[in-house]
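Descriptive structure summary
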Amino acid sequence: MTPLTHTEISTALKNLPGWQLERGAIVQTFEFADFVAAMAFVNRVAVAAEAAGHHPDIDIRWNHVRLALSSHDAGGITSKDIDLADSILHLTHL
């Protein structure tokens, strides 16, 4: 898989509210009512990531979940990262 160009990433981020480019990854921090809600979200992300065969870096801090997506094997951000970020956005409404 080929890494996206900076222009391609910038264009894709316009359709991914809350996601931003940070040190070679696209990242977003989600806030929830409490730890249980944050963990429920992480579990939904895990199912989506496993189905996609692509796994984010996850940092959990009580009611905050920070996700970072990058295709390490491709050396940058690829369409897999963009697609998973889009899928994750839909999980926040469940």
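Structure: above.
In this text, all values refer to a predicted model and were calculated from it rather than measured experimentally. (Residues numbered from 1 in each chain as written. Predicted model: local features only at pLDDT ≥ 70, side-chain atom pairs only at ≥ 80, totals over all residues. Heavy atoms only, no water.)

1. Quick look at a nonpolar patch on the surface
What counts, and what does not: Nonpolar side chains (Val, Leu, Ile, Met, Phe, Trp, Tyr) are joined into patches within 5 Å and like charges within 9 Å, using only residues with over 30% relative accessible area and no salt bridge. Accessible areas in this description were obtained via Shrake-Rupley with a 1.4 Å probe; residue shielding takes into account the shown protein chains only. Only one rule defines a salt bridge in this text: a Lys or Arg side-chain nitrogen within 4 Å of an Asp or Glu carboxyl oxygen. A helix here means a DSSP run of H or I that spans at least four residues, while a strand means a run of E at least two residues long, and both kinds are numbered starting from the N terminus. Throughout this description, buried means an accessible area under 20% of the type-specific maximum (1.4 Å probe, protein chains only), exposed means over 50%, and partly exposed covers the range between.
On the surface, Phe35, Val36, Ile58, Ile60 and Trp62 cluster together to form a nonpolar patch covering roughly 490 Å² of accessible area. At the level of elements, helix H2 (35-52) and strand S3 (57-61) are the ones that each hand at least two residues to the nonpolar patch. With respect to the helices, strands and loops of the structure, Ile60 is situated in strand S3. Among the residues examined, Ile60 registers a relative accessible area of 32% and is labelled partly exposed.

2. Things to note about the packing of aromatic side chains
We count it as follows: Pairing of aromatic rings covers Phe, Tyr and Trp, the last counted by its six-membered ring, and requires centre-to-centre distances within 6.5 Å; plane angles under 30 degrees mean stacked, over 60 mean edge-to-face, and any other angle means tilted.
Using the criterion set out here, one finds three aromatic pairs in the structure. On the basis of an interplanar angle of 70 degrees and a centroid distance of 6.1 Å, the ring pair of Trp19 and Phe30 is categorised as edge-to-face. One end of the pair, Trp19, is in the loop between helix H1 (6-13) and strand S1 (20-22); the other, Phe30, is in strand S2 (residues 25-31), and eleven residues separate them in sequence. On the basis of relative accessibility, which here comes to 7%, the residue Phe30 falls in the buried class. Taking 4.9 Å as the distance between ring centres and 35 degrees as the angle between the ring planes, the aromatic pair formed by Phe32 and Phe41 counts as tilted. The exposure classification of Phe32 matches that of Phe41, with both residues buried. Within the aromatic cluster, the residues linked to one another by ring pairs are Trp19, Phe30, Phe32 and Phe41.

3. Brief notes about the nonpolar core
Most often, soluble globular proteins have nonpolar side chains that are buried together. As a reminder of what qualifies: Side-chain atoms within 4.5 Å link the members of a nonpolar core, which is a set of buried Ala, Val, Leu, Ile, Met, Phe, Trp, Tyr and Cys residues. Note on contacts: a residue pair is in contact if any heavy atoms of the two residues lie within 4.5 Å.
Counting 24 residues, the largest nonpolar core has Trp19, Ile26, Phe30, Phe41, Leu67 and Ile88 as the members making the most contacts within it. When residues of this core are traced back to their parent elements, those giving at least two are H1, S2, H2, strand S4 (64-69) and helix H3 (79-91). The residues touching Ile88, leaving out its near neighbours within four places in the chain, are Trp19, Phe30, Phe41, Val45, Leu67 and Leu69.

4. Digging into the sheet that holds S2
This is how the line gets drawn: The criterion for strand pairing is that DSSP finds at least two bridges linking the strands in question. Here an angle of 0 to 180 degrees is reported between the N-to-C directions of two axes, which are lines fitted to C-alpha atoms, with helices fitted over the stretch in contact.
Taking strand neighbours across the sheet as the criterion, the four strands line up as S1-S2-S4-S3 in an open arrangement whose pairing is antiparallel. Looking at strand neighbours, the two that pair on one side only are S1 and S3, the edges of this open sheet. Here the strands of the sheet are splayed against their neighbours by 30 degrees on average, with no regard to which way each runs. As paired strands, S2 and S4 are joined by six bridges and run antiparallel to one another. Looking across to S4, one finds that Glu31 is bridged to His64. Contacts between H1 and the sheet are confined to S1 and S2, with S1 contributing the most and set at about 140 degrees to the helix.

Keep in mind that these numbers describe shape and distance, not what the molecule does.
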